Structure formats: C-alpha cells, structure tokens
Amino acid sequence: MKKSILFAFLFIQILINAQFSERNLSSENWKFKNAKDQNWLTATVPGTVHLDLMKNKIITDPYKDENEKKVQWIENEDWDYQTNFKVSSKELENQNIDLIFYGLDTFSEIYLNGKLLKETDNMFRKWEIPVKTYLKAGDNLLKIKFKSAINEGKELAKKGPFTVPESPRSFVRKAQYQFGWDWGPRLVTAGIWKEVKLEFWNNAKLENVKIEQKVITKQKAELNIHSEILADKDGKYSVLINNKINQIQLKKGKNTIQIPFTIDNPKLWQPNGWGNPNLYNIKVSLQKDSKNLSEKTERIGLKTIELIQRKDEKGRSFYFKVNGNPMYAKGTNWIPSDSFSPRISKEKYQKLIKDCKDANMNMIRVWGGGIYENDEFYKACDENGILVWQDFMFAGSFYPADENFLDNVKEEVKYQINRLQNHASLALWCGNNEIDEAIVNWGYQKQFKYSKEDSLQVWKDYKKIFHDVIPNSITEVAAKDKSIYWESSPSIGWGHKESLTEGDSHYWGVWWGEQPFEIYNEKVPRFASEYGFQGMPSLENIKAMFSGNPDLSLENPTIKTHEKNARGFQIIDEYMKRDYVVPKDFVKYNYVSQLLQARGMQIAIEAHRRAKPYNMGTLYWQLNDCWPVISWSSIDYLGNWKALHYQVKRSFENQVILTEEKDGILNFYAVNDELKRFEGVQLEMEVNKFNGENILTAVSVQKQKLDDIIKFDASSVAELVGDSNKNELFLNLILRGKDEKVIAESNYFFAKPKDLKLTKPKIRIKKLSSTEIEISTDVLAKDVYLMGDTHFSDNFFDLLPKTSKRITLTKPLEKIEVMSLWDTMNP
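Fair warning: this is a prediction, and the values are worked out from it, not measured in the lab.

(A) Structural view of helix H5 (residues 375–384). Most of H5 sits out of view: seven of its 10 residues are buried. Taken as a whole, H5 has its buried residues at Glu-376, Phe-377, Tyr-378, Ala-380, Cys-381, Asp-382 and Asn-384. The backbone nitrogen of Glu-376 has a side-chain oxygen 2.8 Å away, supplied by the residue at the start of H5, namely Asn-374. Just beyond H5, the residue with positive phi is Gly-385, at close to 75°.

Below, the structure written as structure tokens:
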C-alpha cells in the first residue's frame with residue numbers, strides 16, 4: 001500500500017513539474033439527479049442519463065420486452081450532473097488551465113464553483129474553457145445542468161416560418177437516430193457522453209496538427225506539417241517532427257505554421273484486397289529552451305485518392321481512383337452500434353471493422369443520422385484498409401439556416417474535420433443523407449401545405465448549409481488532399497432515370513417499392529451507396545429481446561416491438577412467398593428470412609459487379625444494429641453474422657465468376673478487382689443433378705487474359721439442361737488460370753429455391769479438433785445452417801453432392817445442430 005501511495009505521489013509531481021499535463025475528470029465521483037429532485041445518485045462519465053437510471057434501478061432496460069415505451073418520459077426532463085475534484089496549489093502555478101468537454105449531449109450550462117462558464121447547444125463539438133481564474137486550491141465543484149433537448153427543440157421550432165418534418169429533431173444538433181428510425185428505438189438521451197479533462201500548459205501549446213501530402217513517388221513522400229499553436233508570449237520555439245528540430249518564431253496569440261517533412265522510400269497505404277495498409281507515426285513536439293511544452297502524435301497512411309466524374313455516352317462516371325488505380329468499392333453502411341454510444345467498447349469497434357475486412361470489403365459509409373464516430377472506429381478502418389465515406393450529421397429532414405444555426409454548424413464541421421482528416425482511411429466528405437431527395441421526392445411540402453415562398457425557402461436554407469457553410473469550411477480547414485466533397489447522398493433520388501446514369505444512388509425499389517429482387521438486374525447505378533432488405537437476427541439475438549423466458553412467435557408483442565418498420569413482417573412475408581416455402585415453425589422462419597435477405601443482396605451485388613466499369617461501387621444497407629432488432633443489418637446487435645454477411649463475403653471476393661440469365665440465355669462474367677492480371681483464363685462448366693450425377697461437362701475453348709472483367713460465350717438453358725428437369729439440376733462453374741489453379745468458383749440454380757426438387761441429405765459432422773469440424777453430405781445440401789454459440793468460419797453454404805468442407809469454430813462446442821433448406825420444405 002505504501003509503495004502505491006509513493007508511486008502515485010511521484011506521478012503527480014511529474015505532472016506538476018511538466019510544462020504540459022492533463023487530468024481526466026471522467027474518473028472522478030460523478031453524481032446526477034432529475035433537476036426537480038433533491039437526491040443525488042451515482043453516475044458514470046462518459047455515459048448517458050438512461051444508462052445511469054438503469055444502473056440505479058430507476059428504469060428497466062429499454063432494449064428488453066416493451067420497455068422502450070416506459071422510458072419516454074426521460075426525454076422531457078432536465079438533468080443535473082456534478083462532481084467534486086481537488087486542485088493543488090502547485091497545479092495552480094501553471095500559466096494556463098483549460099477545462100475541456102469532448103462531448104456534451106446537448107443543451108447544457110456549465111458551472112464551476114457556482115460560476116456559469118458556458119452554455120452549450122451541440123453534441124458534436126468540443127467545448128474548451130480557460131478556468132484558471134475560477135479554480136481554487138483544494139475542493140472544486142463542477143456542475144453541468146442539461147436541459148431537455150425535446151423542449152429546447154420545440155422552442156427553436158416555434159421561431160421557424162413553417163412546420164419542419166419530424167420536428168423538432170432537425171433543430172437540435174444531436175444524433176438524429178436517437179429520435180427513432182425504422183431500425184432503432186426512440187431514446188433521446190442527455191449527459192456527458194465523452195471525456196472531461198483539465199489541461200495544464202505553459203508558454204504555448206499545439207492546438208491541432210494537419211498533415212498534407214504534397215507529392216508521393218517511390219523514392220519519397222513530401223509532406224507539409226501544418227499546426228495551429230496558441231502562445232502566451234512572443235519568442236523563439238522549436239518544433240520537432242519525429243525528433244527533427246525546426247526553429248520557429250511565435251507571436252502571442254494564435255499562430256499557424258507550416259513545416260515540410262520527407263519520408264524516404266515510402267510504403268503506400270493500400271485498401272483491403274490490394275496490399276497492406278501501411279501506417280506511419282508522425283510525432284510533433286513543441287519545445288522552448290529544450291523543455292517539452294506540448295506534443296501530438298498522428299498516425300497516417302500515404303495514399304492518393306480522387307473522385308472521378310467524367311461524361312460518357314451513358315451519363316457521367318462515379319468512381320474512386322486510389323493510388324492511381326480505379327478501385328471498385330465494395331462495402332456497407334454504418335450506423336451507431338448502440339443507442340447508448342458511450343458504452344460501445346474499443347473491442348466492438350475493432351471486431352465490426354475486422355468483420356468488414358474478413359468479408360472482403362474496402363469501403364464503409366458513415367451514415368448521416370448517427371454520430372461522428374469514436375477515434376477507435378477510424379483507427380480500426382486505418383488498420384484494416386477500409387476507406388471511409390464520411391457523412392456530416394444531417395439526415396432525411398429540412399434544416400434551419402438562421403445565423404445561430406449556421407455558426408453552430410460551421411464550428412461543428414471545422415472541429416470534426418480537424419479531428420478526422422489525418423486518418424488514412426478517410427475518402428470523402430458528404431454533406432448529408434437523403435435531404436436533397438427528401439426535398440424533391442418525399443412530398444413534405446404538400447403534406448405540410450407549404451406556400452411557394454416556403455418551398456423556395458427550404459431550398460435557400462439547404463444551399464446555405466450544403467453549398468456554402470460545409471464546403472467553405474472544408475476549404476478553410478482540410479488539407480488539399482483531404483477535401484473531396486459530395487453534397488448529398490444520393491445525389492438524385494430513386495425513381496428518376498438520372499439516378500442510374502450519374503452520381504451515387506439509393507435504390508429502394510426493392511423493399512419500399514416492393515419490386516422483385518430481379519429488378520436489381522435492370523436498375524444498375526453508377527455507384528450504389530444504399531440498397532437493402534430486412535432479415536431476422538440470430539436466435540440468440542431474438543432471445544436477448546426478452547427479460548424472461550422468450551416466447552418465440554411472430555405474434556409476440558416483444559418481437560413485434562423490435563420490428564420498427566410498420567410493414568416489416570408483411571413485406572418479408574410477401575417476398576418470402578415469391579422465392580421460398582414459408583415455414584410455420586419460428587426457428588425455420590428465422591432461418592429462411594435470413595436466406596431471403598442474403599439472396600436479395602446477392603442478386604443486387606452480382607448485378608452491380610457484372611456491370612463494371614459502368615458501375616464502380618456497391619455499398620449495401622446496413623452493416624450493424626444499435627439494439628436487438630429485425631433489420632437490414634448483416635451483423636446483429638450481439639455481433640453474430642447473419643446469412644447475409646456470409647454471402648457478402650463470397651460475393652465480394654476479389655475474383656468471382658457470375659451468371660446472368662436473360663430470356664433463356666446464360667451469360668458468364670469473370671470479374672477481377674485486384675491489380676494483378678490473370679493469363680490463360682478458362683471457364684469450366686458442369687451440369688449436375690442434386691444426387692451428383694453429371695449431365696454435361698464443358699470447357700471454354702478460348703483462353704483469355706483477365707484484367708478487370710471478361711464475358712464468356714453465352715449458353716442457352718435448353719442446351720445445358722437437355723431433357724432433364726431443371727428443378728433437379730445445378731450448374732457448377734470453375735474459373736482456372738494458365739497454371740490450372742482455381743481462380744473462382746460458383747454454383748447456379750435454374751429455379752427459385754421453393755421450386756427445387758431437393759432430396760433429404762445425410763449430413764455428417766466429424767470433429768477434427770476442439771475448434772475444427774469436417775462436414776459432408778451424400779446429396780446436395782442447400783444452404784447448410786450450423787447452429788451453436790460460436791462463430792463458424794462459413795455458414796449458410798451449399799454443400800455439393802459427395803463432398804466435404806472444413807469449418808473452424810472460435811470456441812469449442814459439445815453439440816452442433818444443423819439444418820438445410822430441405823428441412824423447411826418438408827415439415
């Protein structure tokens with residue numbers, strides 16, 4: 001005990017003697033209460049009021065049962081948070097002491113020792129306050145009084161000239177999904193959602209560091225290191241970049257410096273599938289008289305990226321060129337992975353992004369209705385080669401453009417650009433999600449009976465934010481190589497023909513339009529940044545919706561509560577009838593709903609990839625969930641891969657062989673997304689019965705080279721099937737290179753799943769080790785589903801007749817249950 005006390009004392013003395021130090025006030029003993037109450041309760045910072053109420057057993061978990069309805073009162077209340085912390089007389093000797101809040105949600109008043117320091121109104125800004133004159137030696141009281149975002153938003157909305165859709169959320173600069181979405185609950189939070197720190201500094205400090213790439217060759221990378229420095233006094237200072245000394249002169253106040261820096265023999269950061277995402281640490285230190293005043297370390301990747309839009313005979317291209325090469329973007333859309341974002345762990349961020357890498361993705365879109373994500377998210381993307389399409393946090397509504405709102409947005413945007421722009425993964429800034437489309441397509445003007453002047457004002461307000469404030473802030477703050485800006489996603493709403501010939505597209509003819517999956521073959525855009533279909537989550541995730549014993553029934557109120565789309569089950573049922581036998585058993589229904597979702601997205605992805613280079617990107621909606629829910633995600637809230645994620649992994653392979661059926665004719669496409677070329681490529685075809693009997697074997701005569709995409713000679717279904725029943729056959733395709741190695745392989749079925757004449761497979765599972773199995777079958781086992789509390793390296797796969805497959809498990813299982821499509825068709 002004495003040793004630990006001595007160590008703590010020495011550590012504090014080191015901090016006090018340093019020219020720059022900080023203390024994390026998040027770890028102090030925080031308390032909170034309803035502003036109307038007297039009794040203080042224990043609180044956790046970072047956190048939210050809902051989490052604190054749960055920990056104090058004031059409310060039950062809103063993710064369980066129908067509890068979400070029971071906690072709606074919280075959003076209408078005001079909440080107070082406070083803590084006491086000590087400051088020593090030695091600490092007070094520092095020239096400057098700043099109190100920094102990295103995230104306050106949302107409307108708050110900050111008091112220190114009874115003095116009102118600041119009023120805040122934006123969840124997405126950092127609030128930095130000089131507090132030396134308000135601190136005292138010994139105990140200090142820090143109090144934050146949060147006002148109801150709902151009540152404040154309603155007051156702001158009253159000042160507007162007309163009613164705004166989904167008011168008051170668009171008047172409030174906080175995460176828009178908290179107000180409820182068609183995959184998420186309404187949980188409008190308040191609280192200190194990011195860390196709180198005291199920062200002690202003397203003479204001068206680094207405010208921020210911006211790293212600009214000027215020229216990159218094989219021999220060297222020429223960079224400019226930009227920094228804003230706040231100085232207390234004029235004088236000579238030193239800036240060290242990776243220990244290389246540069247002498248500078250600073251004036252009192254804010255200074256902007258630029259120092260060139262070179263990296264010899266640079267290794268490029270490559271997106272996933274192209275090579276290693278090489279990273280470099282750039283340490284910037286500020287010194288005076290050899291004493292370290294301040295330092296920051298940025299981890300960067302060296303790459304070039306361009307958004308290419310060129311007119312062509314069909315419209316205008318839309319693709320990313322990375323390190324000089326056109327890149328086919330394969331990926332998904334990200335929403336916050338919890339409705340209470342402070343409890344998202346580093347491990348969860350790392351796992352979800354690693355799941356993207358493992359599924360052969362190279363891009364992820366951060367959707368504009370959530371949050372600017374935690375640093376750990378971007379760090380994980382940097383390390384895994386995942387490019388980030390970054391929306392600003394505006395989504396699906398009309399936003400005001402009064403002076404106060406615009407100033408607030410400007411400071412938010414500048415702060416977030418400075419925070420994020422050095423990440424190697426950053427690809428593009430996008431102004432908003434679906435606001436242009438909302439104005440043009442969604443009929444709000446008619447619904448709310450806007451006058452002509454009101455409708456014109458909506459566009460004027462839109463242009464002020466997304467044509468002026470945001471792009472101007474990017475120009476002001478971002479490095480030139482980090483300044484690609486796209487105004488709105490999508491650029492043109494679905495239903496307009498131009499949405500398929502230029503820009504990015506959100507195609508929702510499937511699901512919202514209830515068009516068949518096959519429409520994806522016709523509605524191919526230049527860049528698909530949203531499209532999707534719902535599927536149920538894992539059974540484990542379904543059970544997590546209940547506080548007690550789960551009643552697994554589609555009619556159960558709890559399960560209905562966890563389907564946020566009003567017609568969700570009805571739409572799933574309608575599509576399921578088209579393609580599958582609809583099971584009555586809940587477990588089988590859950591399984592088939594996942595197959596249905598995976599099938600729909602496979603059709604979409606393959607249609608997009610066959611159209612390369614007309615189409616150069618496919619980002620499905622969505623990767624993840626914020627609570628246990630039936631949704632469009634490919635990974636459920638608990639982190640389990642749904643059938644969709646396994647299918648995405650197959651469909652996003654760098655080399656694929658794809659089949660298109662049109663008017664009884666089969667066309668075959670070999671697609672290669674890697675930078676290497678394959679020589680002497682041949683296509684082998686086998687038509688087999690489900691029992692393994694071979695009907696036809698053929699090999700393409702002409703050997704070809706595969707750079708990006710090649711189309712092989714077509715075949716008619718009639719020629720391939722002959723006199724056999726096509727419902728009892730499948731086509732096995734193998735793409736081989738000149739060395740006879742398999743480049744890609746796929747199977748094609750001539751009928752919809754519900755029409756397949758399957759026979760009962762004898763599936764055997766052999767245990768090879770505690771974490772490896774071998775699974776085999778006598779006849780075709782369609783869509784094999786392995787069940788158990790572990791992650792299987794593959795699942796929901798077709799096991800061909802008289803073949804076996806090895807599967808690894810993340811943890812041992814005593815018993816593995818198995819199901820195939822045959823089981824759903826034969827109760």
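Now, onward.
(B) Up close: the environment of Ser-88. Looking at the element boundaries, Ser-88 is found in the loop between strand S4 (79–87) and strand S5 (96–101). Given the relative accessible area of 27%, Ser-88 is considered partly exposed. A sequence separation of 12 residues divides Ser-88 from Ile-100, and the C-alpha atoms of the two residues are 19 Å apart.

(C) Inspection of unusual backbone geometry at higher detail. For the bond from Val-45 to Pro-46, the omega torsion is -5°, close enough to zero to count as cis. Residue position: Pro-46 is located in the loop between strand S3 (41–43) and helix H2 (49–55). The omega torsion of the bond from Asp-105 to Thr-106 falls at -5°, within 30 degrees of zero and hence cis. One non-glycine residue, Asp-65, lies in the positive phi region at around 50°. Here Asp-65 shows up in the loop between H2 and S4. Positive phi, close to 55°, is recorded for Phe-796, a residue that is not glycine. A residue is classified by how much of its surface remains accessible, and Phe-796, at 5% relative accessible area, is buried.

(D) View of helix H12 (residues 568–579). Taking 1.5 Å of rise per residue, the 12 residues of H12 would be expected to cover 16 Å, and the 17 Å separating its terminal C-alpha atoms lies within 8% of that figure. Buried residues of H12: Gly-568, Phe-569, Ile-571, Ile-572, Tyr-575, Met-576 and Asp-579, and no others. Projection of H12 onto a plane perpendicular to its axis shows the buried side chains occupying an angular sector of 160°, all on one side. Looking at the buried positions of H12, the neighbouring elements they touch are helix H11 (557–561) and helix H13 (586–610).

(E) Summary view of the environment of Asp-182. One can find Asp-182 in the loop between strand S11 (179–181) and strand S12 (184–186). For the pair formed by Asp-182 and Gly-568, sequence separation is 386 residues and the distance between their alpha carbons is 9.3 Å. In this structure, Asp-182 is in contact with Trp-512, Gln-534, Lys-564, Asn-565 and Trp-632, ignoring residues within four places of it in sequence.

(F) Expanded view of the pairing of strand S30 (residues 426–430). Among the five residues of S30, five are classified as buried, and the element is accordingly described as predominantly covered. Crossover handedness for the path strand S29 (residues 387–391) to helix H6 (residues 403–420) to S30: right-handed. As judged from the two bridges shared by S30 and strand S31 (residues 485–486), these two strands associate in the parallel manner. Bridge assignment links Cys-430 to a residue of S31, and that residue is Trp-486.

(G) Structural detail: the pattern of salt bridges. Scanning the model with the defined rule gives 59 salt bridges in all. Arg-806 serves as the salt-bridge partner of Glu-774, at 3.8 Å between the closest nitrogen and oxygen. Of the two residues, Glu-774 is situated in strand S44 (residues 772–776) and Arg-806 in strand S47 (residues 804–808); the sequence distance between them amounts to 32 residues. Given the relative accessible area of 22%, Glu-774 is considered partly exposed. Bridged by salt links that share partners, the residues Asp-98, Lys-126, Glu-128, Glu-199, Lys-205 and Glu-207 form one connected network.

Conventions and cut-offs
- Residues numbered from 1 in each chain as written.
- Predicted model: local features only at pLDDT ≥ 70, side-chain atom pairs only at ≥ 80, totals over all residues.
- Heavy atoms only, no water.
- Buried < 20%, exposed > 50% of the residue type's maximum accessible area, 1.4 Å probe, protein only.
- Helix = DSSP H or I, 4+ residues; strand = E, 2+ residues; numbered from the N terminus.
- Polar contact = N/O pair within 3.5 Å; in protein donor to acceptor, adjacent residues only side chain to side chain.
- Expected span 1.5 Å × (residues − 1).
- Arc of directions from axis to C-beta.
- Contact = heavy atoms within 4.5 Å.
- Right-handed = clockwise from strand over helix to strand, strands pointing away.
- Pairing = 2+ DSSP bridges.
- Salt bridge = Lys/Arg side-chain N within 4 Å of Asp/Glu carboxyl O.

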